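Each chain, written out:
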Amino acid sequence: MGTGDFICISMTGGAPWGFRLQGGKEQKQPLQVAKIRSQSKASGSGLCEGDEVVSINGNPCADLTYPQVIKLMESITDSLQMLIKSRLDTPSLFLEDQSLQPSPQHLLGYSSLLITTLANQLKS
């Protein structure tokens, strides 16, 4: 995947989220966003095709098989938070437009998700 930026994506309201995933441990591939439906929750969230999914609601994805990821996604009823490693070629909106600087709440959400992800990795 290269050295893309890490971002936190949040969506609410329950499925369908509007994206499809591919990869997984059994395929020896990182979990990635394969497709995003237009006019979906995912399309307005900042998620991009080709992004690598690092964690879902604080659950690290590196050691999950695709069926385990699907089971995890199906268990989410209202709020979805994903830690994403964005594609290297995705422009950083925060650097181009100063009005799009992340809010303190956004940064707290990112920090909270990152801490939860790391804590879950240490438990494994």
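None of these values were measured; they are calculated from a predicted model. (Residues numbered from 1 in each chain as written. Predicted model: local features only at pLDDT ≥ 70, side-chain atom pairs only at ≥ 80, totals over all residues. Heavy atoms only, no water.)

1. Focus on the pairing of strand E3 (residues 29-36)
Stated precisely, the cut-off is as follows: The pairing criterion for strands is at least two bridges between them, as found by DSSP. Put simply, DSSP H or I for four residues or longer makes a helix, DSSP E for two residues or longer makes a strand, and each gets a number counted from the N terminus.
Bridge count between strand E2 (residues 19-24) and E3: 5 bridges; the pairing is antiparallel. By the bridge assignment, Gln22 is partnered in E3 with Gln32. Between E2 and the antiparallel strand that follows it, E3, lie 4 residues; Lys28 among them carries a positive phi value of about 55°.

2. Focus on the environment of Lys25
The cut-off we apply is this: Relative accessibility under 20% of the residue-type maximum defines a buried residue, over 50% an exposed one, and the middle range a partly exposed one, all with a 1.4 Å probe and only protein chains included. Whether two residues touch is decided by their heavy atoms; if any such pair falls within 4.5 Å, the residues are in contact.
Tracing the sequence through the fold places Lys25 in the loop between E2 and E3. With relative accessibility at 47%, the residue Lys25 sits in the partly exposed group. As a C-alpha pair, Lys25 and Gln68 span 43 residues in sequence and 9.7 Å in three-dimensional space. Among all residues touching Lys25, those that are not within four sequence positions of it are Ala62, Asp63, Leu64 and Thr65.

3. Description of the environment of Gln39
The topology assignment puts Gln39 in the loop between E3 and strand E4 (52-56). In sequence terms Gln39 and Gly18 are 21 residues apart; their C-alpha atoms lie 8.3 Å from each other.

4. Some thoughts on the nonpolar core
Here is the rule: Take the buried Ala, Val, Leu, Ile, Met, Phe, Trp, Tyr and Cys residues and link them wherever side-chain atoms come within 4.5 Å; each set so joined is a nonpolar core.
Core analysis: the biggest nonpolar cluster contains 21 residues, and Met11, Phe19, Leu47, Val53, Ile56, Leu80 and Met82 have the highest contact counts within it. For this core, the elements supplying multiple residues, two or more each, are strand E1 (6-12), E2, E3, E4, helix H1 (66-75) and strand E6 (79-85). Leave out the neighbours within four places in its chain, and Leu47 touches Ile9, Met11, Phe19, Val33, Ile36, Ala42, Met82 and Ile84.

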